[in-house]
Each structure stands twice: as structure tokens, then as C-alpha cells.
Amino acid sequence: MERLDSVQHAQQATGLEEQKTPVVEQEVTAITPAASNSNVKTKVPLSRSRLLPIVVVGVILGAGAIASGIYAYRQWQYAQRFPQTDNAYVTADIYPVTSRISGIVSQIAVNENQVVTPGTLLVKLDPQDYQVSLAQAKASLELAKQQAALAQKKIRNVPVPVAVPQLSALDNNTQARQNLLQAQATQQRDINEQQYKTALATVAQKQAEVKKAELELSYTNINALVPGKIGNKNVQVGQRVEPGQTLFTVVQPNPWIIGNFPENQLEKIQPGQKADIKIAAFPSRTFAGKVDSIALMPQNNDTNNSVLTNNVRRIPVKITFEPTSIKGYESRITPGMSAVVTVIPN
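Residues numbered from 1 in each chain as written. Predicted model: local features only at pLDDT ≥ 70, side-chain atom pairs only at ≥ 80, totals over all residues. Heavy atoms only, no water.

**Q** What exactly am I supposed to notice about a nonpolar patch on the surface here?
**A** A cluster of nonpolar side chains, contributed by Leu51, Ile54, Val55 and Val59, occupies part of the molecular surface with about 370 Å² of accessible area. In this structure, Leu51 sits in helix α2 (residues 48-81). (Patch = residues over 30% accessible without salt bridge, like charges linked within 9 Å, V, L, I, M, F, W, Y side chains within 5 Å. Areas by Shrake-Rupley, 256 points an atom, 1.4 Å probe, with all protein chains shown as cover. Salt bridge = Lys/Arg side-chain N within 4 Å of Asp/Glu carboxyl O. Helix = DSSP H or I, 4+ residues; strand = E, 2+ residues; numbered from the N terminus.)

Structure (C-alpha cells):
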């Protein structure tokens, strides 16, 4: 029995040595190529710890691709139902403030972005030259009135000969003289009346010159004609301005949106439809609007708006804001801001 147990024990020890031997050989085989110049490469199988990250990344990428496909499909469905464009911008009525006369700027009464009302003084020009012109015009008018009064007086002072009846042949010379005097008086009266009419016309002309001089003097005060906000200031004190030169712009209230929609979307767009407006300057706010009108012709002067890569033209659509939607933003929404517009079909 003892012998039998010893034999079994020896066999078990031998088996353990045989199990350990491949591991040692594998380790030696893996180290040997690194230490020697041999070209033999040993293939070591990947472990689960190294394979797991690759599988996880693959699953994530696959899920991302599927999610992107679903999102793109839903966006396509949304675009088919709701016409949308990101080629849109804010605009408004912009009134240019110009000078009607030439002159030197003596005062600028407003600042950039200041809100003004009709009649607000914007710029004052030096009035001295126009004050002198007005004084000269008034003096000329007074002189013309005096000349007209003198011409009227001459009409009244022309003597009218008394007609003497012809009694005999001896009085022929007297009658002829009487007729001559009467003809001369009539002629002089006609001349004086014509001079008086000319004097009255001169008076009217001088009155017009006075009126013109008064207007030019009033033009030295450049006032706002419409309500709005001052922008694009282009004038300085001491600067000489010329007629027609733009000094400011006044951006009037009540802005609107111009959305350039592809023409293949116009079938679903009608005036009166509601619209959602997203302005880039206020990304967290969605404004409500309404389709006001559709342009009759595309804007060919803008290459970005006129033709797309697939030869589909863009047509401008005017969209107005709902007054309650922009409450509190009236002074912050300015022309030129970019927007994204989505029309909601009925």
C-alpha cells in the first residue's frame, strides 16, 4: 500500500510539472524574439480585457450612426411639412437724414442709438450767411413795393383833357390840339399802368425771394421727420456739409423679416400663415410672426439669394412680427440680424 501511494504521488507530481512547462515555454518564446535578431513573430491571442474597449467603441459608433440617420430622416420629414429657411434677416424702414443746404455744422444735438420723435433737432448749421441773405431779400422787397406805389401814383396824376365840341371851322386847330393831348394822355396812362403791373410782378418776385431766404434759414436746423433710432452717424462739428449729403439714418420702429425661401416651398406658403422666428442674437427666444406677402420676382441682384446649386431660385417672403411677441425687444431687434424662419401651414 505504501508503495502504491508513493507511485501515485510521483505521477501527480509529474503531471503538475507537465502543466507548468508550456507556460514557461510560452514566456520564453515571447521574450526570445525581443532579445535576439530573429524575424520569427509569435502570435499572442487577445485577452478579454483588451477586446472589450474595441467592442464598446464599435457599439457606440453604430448607435451614433443609427441616431444620426433617424435625426436626419425626421428633419427631412419636418422640412417637407414645415417650410423653413435660414437665409433670413431683420429689416425695417430706414430714413436717411440729409442736408438741404450747404453750411458749417455748429451743433450736433443727438447721439448714436438715441430715440427721436418728429421735430427733434438733430443738427444745427451756422445761420449767419442765410440771415444776411434774408435781410437782403427783405430790403429788395421793400424797394419793389415803393416802386409799385410810385407807378400807381403816376397813373392817378395823368391829366385827362376835357373834350370841347366843335362849333365852327375856325376851331379846327383847337380841336386838333385837344385830340392830340387826349391821345398823349391816354398813351401815358397806358404806359404807367404797364409800369405798375411790372412793379407788382417785381414785388411778387421779391416776396418769393424772401420766402426762399426764410426757408433756407430754417434749413439750418435739421430736424427729424419720422420717429425712430439714430444710426450711422456721419457728421462732426465744424464739418462743411453739402445739399443731399447723408448725416444720419433713422431706423423706424416696427421691423420685419425677409425670408428667402426656395421656390419649391412656395406652394405651402400663403399670406396670413403663422411663422416661428428664431433670431441668432436671442437664441433662447422664439418670436411669433405672420406671413405678410410674397415678392413677385426673385432678387437677382443678390447672388446668394437668387440661385441655388440645384438651380432653384429663392423668393423673398415678408414676415411681420406679432406685436405682443416682441414686447420688451423693440429697441433690441435691429436691421441686419440673421434669423431662421419656419412657416406653419394651415
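**Q** What exactly am I supposed to notice about the sheet that holds strand β2 (residues 94-98) here?
**A** The pairing of strands in a sheet comes from backbone hydrogen bonds and takes either a parallel or an antiparallel form. Pairing within the open sheet is antiparallel, and its 4 strands lie in the order β2-β9-β7-β4. Where the open sheet ends on each side, the last strands, each with one partner, are β2 and β4 (115-116). Note that β2 and strand β9 (residues 246-251) share 5 bridges and pair antiparallel. Bridge pairing in β9 links Tyr95 to Val250. (Pairing = 2+ DSSP bridges.)

**Q** What exactly am I supposed to notice about the sheet that holds strand β8 (residues 240-241) here?
**A** As summarised here, the arrangement of the 4 strands in space is β6-β5-β3-β8, forming an open sheet in which the pairing is antiparallel. Unpaired on one side and paired on the other, β6 (221-223) and β8 mark the two borders of the sheet.

**Q** How should I be thinking about the side chain of Ser99 in this particular structure?
**A** As for its placement among the helices and strands, Ser99 is situated in the loop between β2 and β3 (103-108). For Ser99, a relative accessible area of 2% corresponds to the buried category. Within the structure, Ser99 has its side chain in polar contact with the backbone oxygen of Ile101 (distance 2.5 Å). Here Ser99 is in contact with Leu125, Ile222, Val241, Glu242, Pro243, Gly244, Gln245 and Leu247, once residues within four sequence places are set aside. (Buried < 20%, exposed > 50% of the residue type's maximum accessible area, 1.4 Å probe, protein only. Polar contact = N/O pair within 3.5 Å; in protein donor to acceptor, adjacent residues only side chain to side chain. Contact = heavy atoms within 4.5 Å.)

**Q** Where do I start with the packing of aromatic side chains in this structure?
**A** The geometry of an aromatic ring pair is captured by two quantities: the separation of the ring centres and the angle between the planes. Tallied over the full model, the rule gives 4 aromatic pairs. Ring geometry for Phe287 versus Tyr329: centroids 5.3 Å apart, planes at 85°, classification edge-to-face. Placement of the pair is Phe287 in strand β12 (residues 286-294) and Tyr329 in the loop between β13 (314-321) and β14 (338-344), with a sequence separation of 42 residues. Assessed through its relative accessible area of 17%, Tyr329 is described here as buried. An aromatic cluster is present here, built from Phe282, Phe287, Phe321 and Tyr329 joined pairwise through their rings. Directly above the aromatic system of Trp256 lies the positively charged group of Lys318, at a separation of 4.4 Å from the ring centroid. (Phe/Tyr/Trp six-rings, centres within 6.5 Å; stacked < 30°, edge-to-face > 60°. Lys NZ or Arg CZ within 6 Å of the ring centre and 35° of its normal.)

**Q** Would you explain the pairing of β13 in this entry?
**A** Regular strands place side chains that alternate from one sheet face to the opposite one. Along β13, 6 of the 8 residues are buried, which leaves the element largely enclosed by surrounding structure. In the sheet, strand β10 (residues 256-262) pairs with β13 via 7 bridges, with the strands oriented antiparallel. Bridge pairing links Asn260 to Pro316 in β13. In the sheet, β12 pairs with β13 via 5 bridges, with the strands oriented antiparallel. In the strand pairing of β13, Ser293 is matched with Lys318.

**Q** In this structure, what is going on with the layout of surface pockets? I would like to understand it.
**A** By rolling a water-sized probe across the atoms, one finds the places where empty space is left. Of the pockets and cavities examined, the largest pocket occupies roughly 450 Å³. Lining the largest pocket are 25 residues; nearest its centre among them are Gln252, Pro253, Asn254, Pro255 and Glu330. Those elements that provide at least two residues to the lining of the largest pocket are β4, β7 (228-231) and β13. Ranked by residue count, the leading element in the lining of the largest pocket is β7, at 4 residues. (1 Å grid on protein atoms, 1.4 Å probe; cavity = no way out; pocket = protein on both sides within 12 Å on 5 of 7 lines; lining within 4 Å. Points joined across faces, edges and corners; volume = space filled by probe spheres on them.)

**Q** Honestly, the confidence of the model for the protein chain in this entry has me stumped. Any pointers?
**A** One rule of thumb: low pLDDT means the predicted coordinates there are not for detailed reading. Taken as a whole, the protein chain shows an average pLDDT of 78; of its residues, 68% reach a score of 70 or greater. Taken together, the stretch residues 1-38 has pLDDT below 50 and engages in 3 contacts with residues farther than four places along the chain or on a different chain. In the predicted structure, residues 305-309 sits below a pLDDT of 50 and forms 12 contacts with residues beyond four places in sequence or in another chain. (pLDDT = per-residue confidence, 0-100.)

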